[in-house]
Amino acid sequence: MKIVEVGPRDGLQNEMAPIPTKTKAAFVDVLSETGVGEIEVSAFVSPRRVPQLGDATQVFGRISRKDGVIYSALVPNEKGLDRAIESQVDKVSVFTAVSETFNRKNINTSLKGSINRFLPVVKRAHIEGLPVRGYVSTAFWCAFEGKIQPEAVISVVVKLIDIGIDEVSISDTSGKASPEEVKRLLDLLLPKISSDRIAMHFHDTYGRGIENVLVSWSYGTTIFDSSVGALGGCPFAPGATGNVATEDVVKALEKKGEKVGVDLQKLSRARRLLDPFLTEDRRSLPKDGSPACAACQYSTREVCCQR
Ligand code: HMG
Ligand code: MG
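Report on the accompanying structure. In this text, all values refer to a predicted model and were calculated from it rather than measured experimentally.

Definitions and limits used
Residues numbered from 1 in each chain as written. Chains lettered and ligands numbered in written order. Predicted model: local features only at pLDDT ≥ 70, side-chain atom pairs only at ≥ 80, totals over all residues. Heavy atoms only, no water. Helix = DSSP H or I, 4+ residues; strand = E, 2+ residues; numbered from the N terminus. Rg over C-alpha atoms; globule rule 2.2 N^0.38 Å. Buried < 20%, exposed > 50% of the residue type's maximum accessible area, 1.4 Å probe, protein only. Contact = heavy atoms within 4.5 Å. Areas by Shrake-Rupley, 256 points an atom, 1.4 Å probe, with all protein chains shown as cover. Lys, Arg positive; Asp, Glu negative; His and termini not counted. Charge placed at Lys NZ, Arg CZ, Asp CG, Glu CD. Pairing = 2+ DSSP bridges. Axes fitted to C-alpha atoms, helices over the stretch in contact; angles between N-to-C directions. Donors = N, O, S within 2.8 Å, 3.2 Å for Na, K, Ca; no water. Arc of directions from axis to C-beta. Salt bridge = Lys/Arg side-chain N within 4 Å of Asp/Glu carboxyl O. Phe/Tyr/Trp six-rings, centres within 6.5 Å; stacked < 30°, edge-to-face > 60°. Lys NZ or Arg CZ within 6 Å of the ring centre and 35° of its normal. Near = heavy atom within 4 Å. Nonpolar A, V, L, I, M, F, W, Y, C, P; charged D, E, K, R; others polar.

Of the regular secondary structure elements, the chain holds 11 helices and 10 strands. On C-alpha atoms alone, the chain measures out to a radius of gyration of 18 Å, which is about the 19 Å that the 2.2 N^0.38 rule sets for 307 residues. The dimensions of the chain, computed from C-alpha atoms along their principal axes, are 50 × 45 × 40 Å. Looking at the chain as a whole, 53% of its 307 residues are labelled buried. By sequence separation, contacts in the chain at least 24 residues apart represent 73% of the contacts at least 6 residues apart. Accessible surface for the chain amounts to roughly 12600 Å². Of this, 49% is attributable to carbon and sulfur atoms. Of the charged side chains in the chain, 40 are positive and 38 negative; the average position of the first set lies 3 Å away from that of the second.

Below is the structure:
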């Protein structure tokens, strides 16, 4: 079993209040002691689009790396890869989606455009000895396009594998997947792609995240993305809440007899570090009475789909 702790990236990218760089680094350092195998530290994306993670270089510069832990980051393009290599990341993650609408809003290109962007990223990352993960967002539902068909997801996964991506993270961006939908996708996916190359990334908007983790586990997947304290959400996926909580994933898998090797007390210490900075409503809905955007219902300039 491997837990990929995505809290410092997926968790903090949607926080409205600024979190000091030194607190983020301390958060990663405490997470390093918990027993998680991999920590997604930050994202080398446009700081104008995701100002919350604009200090990715500085965070990487401050963390104390523990042997055996993989420190990864999101990389959208070659510029991001340059920054990631300078920061001595251990692994990079590119990201695309099945939904064309979500891709436009999130990464300002189409699925095809994103694959073309990834080609030089994958090639150079491999030359540098870095493994590459590929996220497939909106793998079940899209906030803009609705239900996503599993066949379409599989076609994107196969495209990523074909360009040399090492591991694919199947992502329920909106947190709306049901266990039946997860089964349907895995029934079609796992005969094609070995389960050791598949990670499952559940957001927990409708409270089915743990059921979805357990269904995936029953199919033999062993890599789970989660976020301590269920922090998180994508600023470009209106309505989505945080990732499934790392604490809950650890407890659920251990109940099934798995040795996950993650210390719950240390996880709790990591999350408490952020307490002074977390806002109550991570969905950033208008608090000042300002009108919400007609398309996405968000009013805050940083997260509105129309800005
Ligand atoms: P673009 O196509 O160049 O256009 O960027 P843009 O208008 O979106 O951004 C352009 C600006 O970004 C320019 O700067 C570029 O220089 C700069 P400006 O002239 O405005 O000052 N830029 C960069 N700066 C730093 N590092 C870079 C970089 N690239 C361009 N690497 C891009 C395309 C994808 C980069 C941009 O749209 C972007 O950064 N989008 C943010 C995407 C993002 O971080 N989304 C959230 C993470 S994805 C997620 O949460 C889903 C996941 O958790 C799985 C799931 O749950 O589904 C992974
Ligand atoms: Mg996510």
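As summarised here, the arrangement of the eight strands in space is β1-β2-β3-β4-β5-β8-β9-β10, forming a closed barrel in which the pairing is parallel. For this sheet the average axis-to-axis angle between neighbouring strands, irrespective of direction, equals 25°. Looking at chain direction, strand β4 (residues 91-97) and strand β5 (residues 132-137) are connected through six bridges and run parallel. Looking across to β5, one finds that Phe 95 is bridged to Tyr 135. Seen against the sheet, helix α8 (residues 179-189) touches β8 (167-172) and β9 (198-202) and runs at an angle of roughly 165° to β9.

A word on the coordination of the magnesium ion (ligand 2). When four donors bind a metal tetrahedrally, each ideal donor-metal-donor angle is 109.5 degrees, and when six bind octahedrally, the ideal angles are 90 or 180 degrees. Coordination of the magnesium ion (ligand 2) by the protein involves Asp 10 (OD), His 201 (NE2) and His 203 (NE2), with metal-donor separations of 2.1 to 2.2 Å. According to the relative accessible area criterion, Asp 10 is buried, its value standing at 2%. On the accessibility criterion, His 201 (3% relative accessible area) is buried.

Because each turn of an α-helix spans 3.6 residues, side chains separated by three or four positions end up pointing in the same direction. Taken together, the buried positions of helix α4 (residues 78-86) are occupied by Gly 80, Leu 81 and Ala 84. Buried residues of α4, viewed axially, fall in a sector of 100°; they line one side. What points out from α4, more than 90 degrees from its buried face, is the exposed set Lys 79 and Glu 86. In this structure, the buried side of α4 is in contact with β4 and α6 (111-127).

Here the focus is the pattern of salt bridges. One pass over the full model with this rule turns up 15 salt bridges. For Glu 167, the salt bridge identified is with Arg 133, shortest N-O distance 2.7 Å. Here Glu 167 is found in strand β8, whereas its partner Arg 133 is found in strand β5, with 34 residues between them in sequence. Here Glu 167 matches Arg 133 in class, with each residue buried.

This brings us to the packing of aromatic side chains. Tallied over the full model, the rule gives two aromatic pairs. Aromatic pair Phe 44 and Phe 60: ring centres 5.7 Å apart, planes at 25°, arrangement stacked. Taken as a pair, Phe 44 in the loop between β2 (38-43) and α3 (56-62) and Phe 60 in helix α3 lie far apart in primary sequence, 16 residues in all. Note on accessibility: Phe 44 and Phe 60 belong to one class, buried. In this structure, Arg 9 packs its charged tip against the face of Tyr 135, placed 5.6 Å from the ring centre. Lys 105 extends its terminal NZ or CZ atom over the ring of Phe 144, reaching a point 4.8 Å from the ring centre.

Now for the site of ligand 1. In the vicinity of ligand 1 there are 29 residues, among which Gln 13, Arg 48, Asn 106, Ser 137 and Thr 173 approach most closely. Calculation on ligand 1 without its partners gives an accessible area of 1100 Å², and the protein chains cover 80% of this total. Looking at the shell around ligand 1, the elements that each hand over two or more residues are α1 (7-11), α4, α5 (100-107) and β5. Considering every element that reaches the shell around ligand 1, the biggest residue donor is α4, with three residues. Partitioned by chemical class, the residues of the shell around ligand 1 number 11 nonpolar, 11 polar and seven charged.

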